[in-house]
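# Topology and contacts: notes
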Amino acid sequence: MKEEKKNNENPLKVNRRHFFSQLSVGIGSLALGSLLIPDLFKGGGAQPLAQQPLGIPHFAPKAKRVIYLFQAGGPSQFESFDYKPTLKKRMGEDLPESIRNGQRLTGMTSGQDKFPLMPSATNFKQHGQSGAWVSDYFPHIAKIADEITVVKSMHTDAINHDPAITFFQTGSQISGRPSMGSWMSYGLGSENKNLPSFVVLTSRGKGNSQGLYSKLWSSGFLDSKHQGVLLRSGKDPVLYLNDPDGISRSDKRHLLNEVSQLNKMHHVETGDDEIESRIAQYEMAYRMQMSVPDVMDVSKEPESIVKLYGEDCQVPGTYAANALQARRLAENGVRFIQLYHQGWDQHGNLPNAMAGQAKDVDQASAALVMDLKQRGMLEDTLVVWGGEFGRTNFCQGKFDPKDFGRDHHPRAFSIWMAGGGIKPGLNYGKTDEFGYNIVENPVHVHDFHATLMHAMGLDHEQMTYKYQGRRFRLTDVAGNVIKDLLA
């Protein structure tokens, strides 16, 4: 009786946002939205942004899609984009307490008696008209210095890998919140009905790796149709794409129709919205049987593209192959493409391991930016490169310039962004001469999220979802758009 009463209270299980999201699709949604809400693209009008239909930006976006090149493990800023000659001058000296100022350390270095300063394991040079300092580990990214904005003043709340990467992906250190890609899918929908709006690709370098878990691309409390779809790293990105022998395409269609009817009957009985999601996912899987083989087939890419990304782009599961696939998915309307490359956790053997990790990603990351640019896609595709935190300016363990490690450092680290409404050729933020503390223009993870959402045409304070009596958002209760980064 109680369940029946619950369903009768809202027999259609449809609210205003769902009504518009179902009614308005593709170009038609823009026309309908502008007719119903004259001030739709003005923002701040009489119509509250939070009540606007899903699938339509809050204001004119600069970016239509995001390719996030996540470097899992925490790449060292001292061997990538934050040049600190003071560390070389004072090599081996103990980090002044006035600089560390009692800041939290992990259990891996908190017991050390000394914190000897360690200079970069490689050399730096300035590049492009922007004069960006880039280490010799990244010669290809150095060539696109004028296309990217390097943010040297990122900081986060988490000091260990799992909470830190979860924080970057979901806005919370505690798992269970929707990931960034899921929020984008929820707010903006898909540009291609034959592909998911949120796709995940993973690869693994030879360096020390930390685990990746599906919670990082989970939709959390949002509808499960917004969760990231993980494509396999091997030869077959999706298993069982081909129908079994003896089963024709029409047989499969008939089977799905019958299953759909049964699920709809079940939905009427229970009112469970997830049943509708299941129906939609079955249909998506059916359409992906046709769309995925074509999108993932790189055999027809010209030699010039193979040369641009490097030979590894022809090896399934490599970072280079995933970077090329990211461009192809973006071309085909996937809204949010998340790459993870593991192996950046250099607590030891950093000079060798970091060089290898950088070699894995350098050419393909730069190639992706240039490839998007030559296709006219960079201006509306936002590319992000970075990890969950940085590394300490002192060595972990025994002082040995030829073989050392760096511990986690959440207080200051570097990322870069390109395209999609971000100013090109900008060096943003500054750390002190030791690279330990931020002294200019700090950018918190919530600020990063707010800025990214703004580029996509979404107001981070208005993109909310009510769950268990509270309205949640990607930026929780914080975050500011960093307007200096916007083109």
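The rules behind the values
Residues numbered from 1 in each chain as written. Predicted model: local features only at pLDDT ≥ 70, side-chain atom pairs only at ≥ 80, totals over all residues. Heavy atoms only, no water. Buried < 20%, exposed > 50% of the residue type's maximum accessible area, 1.4 Å probe, protein only. Helix = DSSP H or I, 4+ residues; strand = E, 2+ residues; numbered from the N terminus. Pairing = 2+ DSSP bridges. Core = buried A, V, L, I, M, F, W, Y, C linked by side-chain atoms within 4.5 Å. Contact = heavy atoms within 4.5 Å. Phe/Tyr/Trp six-rings, centres within 6.5 Å; stacked < 30°, edge-to-face > 60°. Lys NZ or Arg CZ within 6 Å of the ring centre and 35° of its normal. Salt bridge = Lys/Arg side-chain N within 4 Å of Asp/Glu carboxyl O. Patch = residues over 30% accessible without salt bridge, like charges linked within 9 Å, V, L, I, M, F, W, Y side chains within 5 Å. Areas by Shrake-Rupley, 256 points an atom, 1.4 Å probe, with all protein chains shown as cover. Lys, Arg positive; Asp, Glu negative; His and termini not counted. Charge placed at Lys NZ, Arg CZ, Asp CG, Glu CD. Axes fitted to C-alpha atoms, helices over the stretch in contact; angles between N-to-C directions. Parallel < 35°, antiparallel > 145°, perpendicular 65-115°, else oblique. Left-handed = near helix turned anticlockwise from the far one by under 90°. Nonpolar A, V, L, I, M, F, W, Y, C, P; charged D, E, K, R; others polar. pLDDT = per-residue confidence, 0-100.

## As for the pairing of strand β10 (residues 405-409)
Burial of β10 is extensive: 5 of the 5 residues sit out of reach of the surface. Sheet topology note: the strand β9 (residues 390-396)/β10 ladder contains 4 bridges and is antiparallel. Bridge assignment links Cys 395 to a residue of β10, and that residue is Arg 406.

## Notes on the pairing of strand β3 (residues 132-135)
Relative to β3, strand β2 (residues 124-127) is paired through 4 bridges, and the arrangement is antiparallel. Looking across to β3, one finds that Lys 125 is bridged to Val 134.

## Things to note about helix α7 (residues 161-170)
The element α7 is extensively covered by neighbouring structure, given that 8 of its 10 residues are classed as buried. Looking at α7, one finds that the buried residues are His 161, Ala 164, Ile 165, Thr 166, Phe 167, Phe 168, Gln 169 and Thr 170. One or two residues past the end of α7 sits Gly 171, with phi positive at roughly 85 degrees.

## Some words on the nonpolar core
Grouped together as the largest cluster of nonpolar side chains are 57 residues, with contacts concentrated most on Phe 138, Ile 141, Tyr 309, Ile 337, Val 383, Trp 385 and Trp 416. Of all hydrophobic cores here, the second largest spans 49 residues; its members include Leu 54, Ile 415, Phe 448 and Ile 482.

## Brief notes about the environment of Asn 349
Here Asn 349 lies in the loop between β7 (336-342) and α13 (350-374). The contacts of Asn 349, once residues within four sequence positions are left out, are Asp 403 and Phe 404.

## Considerations on unusual backbone geometry
A positive phi angle, close to 50 degrees, is found at Asn 101, a residue other than glycine. The topology assignment puts Asn 101 in the loop between α5 (97-100) and β2. Judged by its relative accessible area of 59%, Asn 101 falls in the exposed class. Even without a glycine there, the phi angle at Gln 468 is positive, about 50 degrees. Structurally, the position occupied by Gln 468 is in the loop between β16 (465-467) and β17 (470-472).

## Points about the packing of aromatic side chains
Within this structure, the stated rule accounts for 23 aromatic pairs. Where Trp 217 meets Tyr 340, the ring centres are 5.7 Å apart and the plane angle is 45 degrees; that geometry is what we call tilted. Of this pair, Trp 217 sits in the loop between β5 (198-204) and β6 (229-230) while Tyr 340 sits in strand β7, placing them 123 residues apart in sequence. With relative accessibility at 9%, the residue Trp 217 sits in the buried group. According to the relative accessible area criterion, Tyr 340 is buried, its value standing at 1%. When the centroid spacing of 6.3 Å and the interplanar angle of 55 degrees are considered together, the rings of Tyr 467 and Phe 472 count as tilted. Chaining the aromatic ring pairs together yields one cluster made of Tyr 68, Phe 70, Phe 168, Trp 217, Tyr 340, Phe 413 and Phe 448. In this structure, Arg 249 packs its charged tip against the face of Tyr 286, placed 3.8 Å from the ring centre. Sitting above the plane of the Phe 472 ring, Arg 470 keeps its charged end 4.3 Å from the centroid.

## Structural notes on the pattern of salt bridges
Scanning all chains against the criterion turns up 19 salt bridges. Asp 380 serves as the salt-bridge partner of Lys 64, at 3.9 Å between the closest nitrogen and oxygen. Residue Lys 64 is found in the loop between α3 (26-36) and β1 (65-72), and its partner Asp 380 is found in the loop between α13 and β8 (381-386); the two are separated by 316 residues along the sequence. We note a salt bridge from Arg 65 to Asp 380, for which the minimum N-O separation is 2.9 Å. A residue pair is termed long-range when its members are at least 10 positions apart, and Arg 65 in strand β1 and Asp 380 in the loop between α13 and β8 qualify at 315 residues. A relative accessible area of 15% places Asp 380 in the buried class. Through salt bridges with shared partners, a single network forms among Glu 301, Arg 327, Arg 328, Glu 331, Asp 371 and Arg 375.

## Quick notes on a negative patch on the surface
A cluster of acidic side chains, namely Asp 272, Asp 273, Glu 274 and Glu 276, defines a negative patch on the protein surface. By secondary structure assignment, the location of Asp 272 is in the loop between α9 (249-270) and α10 (273-296).

## Overview of the packing of α10 against helix α12 (residues 319-331)
With their axes 9 Å apart at the nearest point, α10 and α12 run at an angle of 130 degrees to one another. By the angle class used here, α10 and α12 are oblique. You can see that α10 and α12 cross each other, and the crossing is right-handed. In this structure, α10 uses Asp 294, Val 295 and Met 296 to contact α12, whose residues at the interface are Gln 325, Arg 328 and Leu 329. Considering only residue class, the contact of α10 with α12 consists of 3 nonpolar, 1 polar and 2 charged.

## Describing the environment of Ala 280
Within the secondary structure, Ala 280 is located in helix α10. Look at Ala 280 and you get partly exposed, because its relative accessible area is 35%. Along the primary structure Ala 280 and Lys 225 are separated by 55 residues, whereas in three dimensions their C-alpha atoms are 7.5 Å apart.

## Let's talk about the packing of α9 against α10
Packing of α9 against α10 brings their axes to within 8 Å, and their N-to-C directions diverge by 170 degrees. In terms of orientation, α9 and α10 fall into the roughly antiparallel class. Contact residues: α9 offers Arg 249, Lys 252, Arg 253, Leu 256, Val 259, Ser 260, Asn 263, Lys 264, His 266, His 267 and Thr 270, while α10 offers Asp 273, Ile 275, Glu 276, Arg 278, Ile 279, Tyr 282, Glu 283, Tyr 286, Gln 289 and Met 290. For the contact of α9 with α10, the class distribution of residues is 7 nonpolar, 6 polar and 8 charged.

## Observations regarding the confidence of the model for the protein chain
Residue-level pLDDT values for the protein chain average 89, and 89% of them are 70 or greater. Across residues 21-46 the pLDDT falls below 50, and counting only partners more than four positions away or on other chains, this stretch makes 28 contacts in the model.

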